[in-house]
Amino acid sequence: GISKYFQGPEGMKIMSGIMEAYRARQPIALGGIPVVSVRDIRTGLEWETGNPREKKIDLPESDVLQWRLRDGTLVTVRPSGTEPKIKFYILCKTDAGSGLEKAKAQTTEKIRAIETDIRKVIG
């Protein structure tokens, strides 16, 4: 995962701004892999990209966004509630049919590409 700490008195505001920017404009891809669905746990809604029909999810409200990618990878972002830190978690799904070493290399490459896209947003 990625963790970014925002220094100074504006830290919490910057972190909040990042979350609101994501909510206003969801990514269409991360690491070159298309986003196929979005889950916003703060609003309790989930939807598929390109389909405006939302469905309710039954989870406690929390300032968390999740993006499911076409290959099954799940990327979750959540700000800390107590300090100006934002965390991203990447749960990769990679087919190991071609062998474990190849799958490990593909997963590492995928994570690097996703991290590059995230760092474009958080600096």
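Above this text sits the structure in question.
Each residue is numbered by its place in its chain's sequence as written, counting from 1. In keeping with the predicted nature of the model, local features appear solely for residues at pLDDT of at least 70, side-chain atom pairs appear and are counted solely at 80 or more, and the whole-chain, interface and lining totals rest on all residues. With hydrogens and water set aside, each side-chain value is computed from the structure's full complement of heavy atoms.

## Considerations on the pattern of salt bridges
1) Next: Salt bridge, as used here: a side-chain nitrogen of Lys or Arg that lies within 4 Å of a carboxyl oxygen of Asp or Glu. Using the criterion set out here, one finds 10 salt bridges in the structure.
2) Next: One salt bridge in this structure joins R42 and E20, with 2.7 Å as the shortest N-O distance. Separated by 22 residues along the polypeptide, R42 in the loop between β3 (33–40) and β4 (45–48) and E20 in helix α1 (residues 11–24) bring together distant segments of the chain.
3) Next: For each residue, the accessible area found with a 1.4 Å probe, counting protein chains only, is set against the maximum for its type, and the residue is called buried under 20%, exposed over 50%, and partly exposed in between. Given a relative accessible area of 31%, R42 falls into the partly exposed group.
4) Next: Residue classification places E20 among the partly exposed positions, given a relative accessible area of 34%.
5) Next: One salt bridge connects K55 with E46, and the closest N-O pair in it is separated by 4.0 Å.
6) Next: Judged by its relative accessible area of 52%, K55 falls in the exposed class.
7) Next: Salt bridges here are not isolated pairs; linked through shared partners, they connect E20, R23, D40, R42 and D63. Numbering goes from the N terminus for both helices and strands, where a helix is a DSSP run of H or I of at least four residues and a strand is a run of E of at least two.

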